[in-house]
Amino acid sequence: MALITWSNMFSTTISEQDNQHKKLIDLINQLNDAMQAGKGAAVMGKVLSELVNYTVFHFSYEEKLMALHKYEDTPAHKLEHSKFVQTAGDFKKKFDSGNAVVSAELMTFLRDWLTGHIMKTDKKLGLALGKLGVK
Ligand SMILES: [Fe+2]
Ligand SMILES: [Fe+2]
């Protein structure tokens, strides 16, 4: 069963941002499925890398939008992104050196972080951009 299911309550009203969030949810679900299926480190590492790389790409997309539209809450939003990238990067290093495994606790953290960030921080950005006519 999927760990996270997309629904309209996650929509920021910005279609490209929503599409990227759907892709992030899909990658988190893939990681969860791989963990539950007991996949080995090679498969887990591949999905994990994809998730980390896509997250970096997605954050930079949002940060470009913020800069383009002179969004007032840019610093706080970017700080949430950079803290998450730091945490994810630290985990990836531990995983790559064999000192961490993908656990149910990690999956809960990823689910809660992403859904919390979308619902609060990304929706706030979407609302501000929507007022400027961005779709
Ligand atoms: Fe986002
Ligand atoms: Fe964000």
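Relevant structure appears above.
Rules of the game
- Residues numbered from 1 in each chain as written.
- Chains lettered and ligands numbered in written order.
- Predicted model: local features only at pLDDT ≥ 70, side-chain atom pairs only at ≥ 80, totals over all residues.
- Helix = DSSP H or I, 4+ residues; strand = E, 2+ residues; numbered from the N terminus.
- Buried ≥ 20, exposed ≤ 12 C-beta atoms within 10 Å, placed from the backbone.
- Contact = placed C-beta atoms within 7 Å.
- Axes fitted to C-alpha atoms, helices over the stretch in contact; angles between N-to-C directions.
- Parallel < 35°, antiparallel > 145°, perpendicular 65-115°, else oblique.
- Left-handed = near helix turned anticlockwise from the far one by under 90°.
- Expected span 1.5 Å × (residues − 1).
- Core = buried A, V, L, I, M, F, W, Y, C linked by C-beta atoms within 7 Å.

A. View of the overall build of the chain. Tallying secondary structure elements over the chain gives 4 helices and 0 strands in all. Secondary structure elements of the chain, listed N to C terminal, follow the sequence α-α-α-α. Along the first, second and third principal axes, the C-alpha atoms of the chain reach 45 × 30 × 20 Å. A buried classification covers 19% of the 135 residues belonging to the chain. Restricting the contact set of the chain to residue pairs at least 6 apart, pairs at least 24 apart contribute 76%.

B. Representation of the packing of helix H3 (residues 74-96) against helix H4 (residues 104-131) in the model. Put simply, H3 and H4 touch, their axes get as near as 11 Å, and they point 160° apart. Of the possible angle classes, the one that applies to H3 and H4 is roughly antiparallel. Like other packed secondary-structure pairs, H3 and H4 cross with a definite hand, here left-handed. Listed contacts from H4 to His77, Glu80 and Phe84 of H3 are Trp113, His117, Thr121 and Leu125.

C. View of helix H2 (residues 41-68). A rise of 1.5 Å per residue sets the reference length of H2, with its 28 residues, at 40 Å; its end C-alpha atoms lie 40 Å apart and thus fit the reference within 8%. All of the buried residues in H2 are Val47, Leu48, Leu51, Thr55 and Glu62. Looking at the buried residues of H2, the elements they touch are helix H1 (15-36), H3 and H4. Directly after H2, the chain includes Lys70, whose backbone phi takes a positive value near 45°.

D. Structural context of the nonpolar core. Ranked by size, the top nonpolar core spans 13 residues in total, and within it Leu27, Ile28, Leu31 and Leu51 carry the most contacts. Where this core is concerned, the elements lending two or more residues are H1, H2 and H4. Residue contributions to this core peak at 5 residues, all from H1. Apart from residues no more than four positions distant in its own chain, Leu51 is found in contact with Leu27, Ile28 and Leu31.

E. Layout of the environment of Lys123. Within the secondary structure, Lys123 is located in helix H4. Residue classification places Lys123 among the partly exposed residues on the basis of 19 C-beta atoms within 10 Å.

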